[in-house]
Each structure stands twice: as structure tokens, then as C-alpha cells.
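Letter by letter, the chains look like this.
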Amino acid sequence: MKKLFIVANWKSNKTLSQAKEWLEEFSNSNFPTSRGEQFSNNKEIIVCPPFTLLLELKSLIVDQGLPIKLGAQDISPFENGSHTGEINGKQIKEFADYVILGHSERRQNFSETDETIAQKVRMANKYHLDPILCAQNINTEIAVGVKIIAYEPIFAIGTGNPDTPESAEKTAKLIKEKNKIDYVLYGGSVTSVNVKNFTQMPNINGVLVGGSSLDPKEFSEIIKNA
Ligand code: PGA
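Quick notes on the rules
- Residues numbered from 1 in each chain as written.
- Predicted model: local features only at pLDDT ≥ 70, side-chain atom pairs only at ≥ 80, totals over all residues.
- Heavy atoms only, no water.
- Helix = DSSP H or I, 4+ residues; strand = E, 2+ residues; numbered from the N terminus.
- Rg over C-alpha atoms; globule rule 2.2 N^0.38 Å.
- Buried < 20%, exposed > 50% of the residue type's maximum accessible area, 1.4 Å probe, protein only.
- Contact = heavy atoms within 4.5 Å.
- Areas by Shrake-Rupley, 256 points an atom, 1.4 Å probe, with all protein chains shown as cover.
- Lys, Arg positive; Asp, Glu negative; His and termini not counted.
- Charge placed at Lys NZ, Arg CZ, Asp CG, Glu CD.
- Phe/Tyr/Trp six-rings, centres within 6.5 Å; stacked < 30°, edge-to-face > 60°.
- Lys NZ or Arg CZ within 6 Å of the ring centre and 35° of its normal.
- 1 Å grid on protein atoms, 1.4 Å probe; cavity = no way out; pocket = protein on both sides within 12 Å on 5 of 7 lines; lining within 4 Å.
- Points joined across faces, edges and corners; volume = space filled by probe spheres on them.
- Nonpolar A, V, L, I, M, F, W, Y, C, P; charged D, E, K, R; others polar.
- Near = heavy atom within 4 Å.
- Polar contact = N/O pair within 3.5 Å; in protein donor to acceptor, adjacent residues only side chain to side chain.
- Axes fitted to C-alpha atoms, helices over the stretch in contact; angles between N-to-C directions.
- Parallel < 35°, antiparallel > 145°, perpendicular 65-115°, else oblique.
- Left-handed = near helix turned anticlockwise from the far one by under 90°.
- Salt bridge = Lys/Arg side-chain N within 4 Å of Asp/Glu carboxyl O.
- Pairing = 2+ DSSP bridges.

Engineer: I'd like a description of the overall build of the chain, backed by residues and values.
Structural biologist: Scanning the chain for helices and strands turns up eight helices and eight strands. Relative to the globule expectation of 17 Å for 226 residues, the C-alpha radius of gyration of the chain, 17 Å, shows essentially globular dimensions. The proportion of buried residues among the 226 residues of the chain is 52%. Taking as baseline every contact in the chain between residues at least 6 positions apart, the subset at least 24 positions apart corresponds to 69%. By element, 50% of the accessible surface of the chain is carried by carbon and sulfur atoms, the whole surface being about 10700 Å². When the 25 basic and 27 acidic side-chain charges of the chain are each reduced to a single mean position, those positions are 4 Å apart.

Engineer: Which residues make up the packing of aromatic side chains, and what are the values?
Structural biologist: Within this structure, the stated rule accounts for seven aromatic pairs. Consider the rings of Trp22 and Phe219, whose centres lie 6.0 Å apart with planes at 40°: the pair is tilted. One end of the pair, Trp22, is in helix H1 (residues 16-30); the other, Phe219, is in helix H8 (residues 216-225), with 197 residues separating them in the sequence. There is no split in this pair, since Trp22 and Phe219 are both buried. Through a chain of ring-to-ring contacts, three or more aromatic side chains come together here, namely Trp10, Trp22, Phe26 and Phe219. Above the ring of Trp10, the side-chain terminus of Lys14 is found at 5.4 Å from the ring centroid. Over the ring of Phe110 we find Arg106, and its NZ or CZ is 4.2 Å from the ring centre.

Engineer: Give a detailed account of the layout of surface pockets, specifying residues and quantitative values.
Structural biologist: Taken as a whole, the largest pocket holds about 340 Å³ of empty space. In this structure, the largest pocket is lined by 15 residues; those nearest its centre are Lys11, Ser12, Gln73, Asp74 and Arg106. Here the lining of the largest pocket takes three residues from helix H4 (residues 104-109), the largest share from any one element. Here the lining of the largest pocket is composed, by residue class, of five nonpolar, six polar and four charged. Taken as a whole, the second largest pocket holds about 190 Å³ of empty space. Every residue lining the second largest pocket is counted, 17 residues in all, and those nearest its centre are Gly158, Gly188, Ser189, Gly210 and Gly211.

Engineer: Account for the site of the ligand, with residues named and values stated.
Structural biologist: Around the ligand lies a shell of 13 residues, among which Lys11, His103, Glu152, Gly158 and Ser189 are the nearest. Here an oxygen atom of the ligand and a side-chain polar atom of Lys11 are 2.7 Å apart. A distance of 2.7 Å separates an oxygen atom of the ligand from a polar backbone atom of Gly158. Contact with the protein chains hides 95% of the accessible area of the ligand, taken as 280 Å² for the molecule alone. Broken down by class, the residue content of the shell around the ligand amounts to four nonpolar, seven polar and two charged.

Engineer: Which residues make up the packing of H1 against H8, and what values go with them?
Structural biologist: Geometrically, a packed helix pair is captured by the angle between its two axes and the distance between the axes. Closest axis-to-axis distance for the H1/H8 pair is 8 Å, and the angle between their directions is 40°. Between H1 and H8, the interaxial angle falls into the category oblique. Viewed along their axes, H1 and H8 form a crossing whose handedness is right-handed. Across the interface between the two elements, Trp22, Glu25, Phe26, Ser29 and Asn30 from H1 touch Pro216, Lys217, Phe219, Ser220, Ile223 and Lys224 from H8.

Engineer: Talk me through the pattern of salt bridges; I want residue IDs and the actual numbers.
Structural biologist: This model, assessed by the stated rule, comprises 13 salt bridges. A salt bridge links Lys217 to Glu25, with the shortest nitrogen-to-oxygen separation between them at 3.1 Å. With Lys217 in helix H8 and Glu25 in helix H1, this residue pair connects regions lying 192 residues apart in the sequence. Assessed through its relative accessible area of 52%, Lys217 is described here as exposed. Of the charged contacts in the structure, one is a salt bridge between Glu44 and Lys69, with a shortest N-O distance of 3.4 Å.

Engineer: Which residues make up the sheet that holds strand S4 (residues 98-101), and what are the values?
Structural biologist: With respect to topology, eight strands assemble into a closed barrel ordered S1-S2-S3-S4-S5-S6-S7-S8, the strand pairing being parallel. In this sheet, neighbouring strand axes are inclined to one another by 25° on average, regardless of whether the strands run parallel or antiparallel. Pairing of S4 with strand S5 (residues 130-135), which is carried by four bridges, proceeds in the parallel orientation. Counterpart to Val99 in the pairing with S5 is Pro131.

Keep in mind that these numbers describe shape and distance, not what the molecule does.
Following this line, the structure appears as C-alpha cells:
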């Protein structure tokens, strides 16, 4: 069975109490009796909260034995040291296994360049974090060392106007061929209603979910329907 990555990108949302509520509702709707058995093990569930929530979520996930991995939404391009405001790879690795890099919101609003992103990919790999690199189209530069790409067309992000599954499949296939990469996810206005149309495509290995991942019941449905 094809491996599927179901990734929640919470962006700059949720306080600590809201995150705890989310986790409680999410685990109640998914793992009522025996932990995780409801999900076939081809699905990797990854939640990417803001940095401030990683510590608490990690401890709750471990305590409750939930089959959820954590990811960060960014990483410093530098090692530890005098870089005010930055969180580096060594620090993130204490809590997370993945990191989203090169999201279009960071490229647009924080002037991230392919060069900075490549430096961040190097840091992620050095500290054994798997980068999930966002590609806006087939021409996005993919840094060396990336194994998971999320194809996220800008018109589809947060608009309720997803790409068609056929077009996403075509782009995923081209990205795989061009970059010799095994996993390409689709992201942009994914919901529990449309997720299957994407994940049933042969070259799409999962989804990166923004808005719909903020609601624990909706995210559960996305996982079930994927
Ligand atoms: P969306 O965001 O699901 O809200 O469209 C996806 C993303 O930006 O990763």
C-alpha cells in the first residue's frame, strides 16, 4: 500500500489551551479504545504547530502513546549563537521529526529566497529533521537533501479553490521525475470532502492541510478519508 503523509499546518494559530483541547478532541474521535489501530500504518500523521506548543504537545503525545509525529513550520538557517529570535535545528529536534520549509507565505511575507531555504534544508538534514519543502510549481528550485515535496499552488492556498486532482497529479509526476524524489504531497484548500480525490492519484503521497486542520474533527475525517 502507498505511504501517505497527512500533515497539519496550523500556521500562526492556537494558544496552549486551544492546542490541548484540539488534541483531546482529536484523540477521542480517533483512538477511543486501542491506540492507533484504527489507522492503517501506511498513514503518517504529522502536526506542525507554532514553536510555543511543541513542548507540551510532545509530552502529551508521548504520555498518551498517540501515533502522531510533530513538525516545525520553520528553522533557523544558522547554528546556535547570536541570532536573536531564531530557533535552530538542534533545539527543534528535541521535539519534532519534520520541518515545513519554503512555504509560499514565508517566501512572500518574509522574503525567503531559494538560497536561504537551501541553507535551512542543510540545517534540517544536519539535525535529522525531514524537510517538507513547499513547491509552488514545477519550476520551484528543490534543494539537495529534500525527500518530501508539497506541491502547493498559490491560487489554492486558503481560498477554498483547490487545484483539480488531475492537474495536481500531473504536476506531482513531473516534480518526481525532475527531482528524482519519492514523495510529493498536495496542499491547498484540502478538506475531508476532496482529500480522497487527491490521495487516490498514483503520484500523490499525501496532503498538507492548513485551515481544515484547525478543527480536530475535520482533520480526523481527512485522515479517515485519505
Ligand atoms: P489551506 O493551506 O489548506 O488553508 O489552503 C494549506 C497550506 O498553506 O499549507
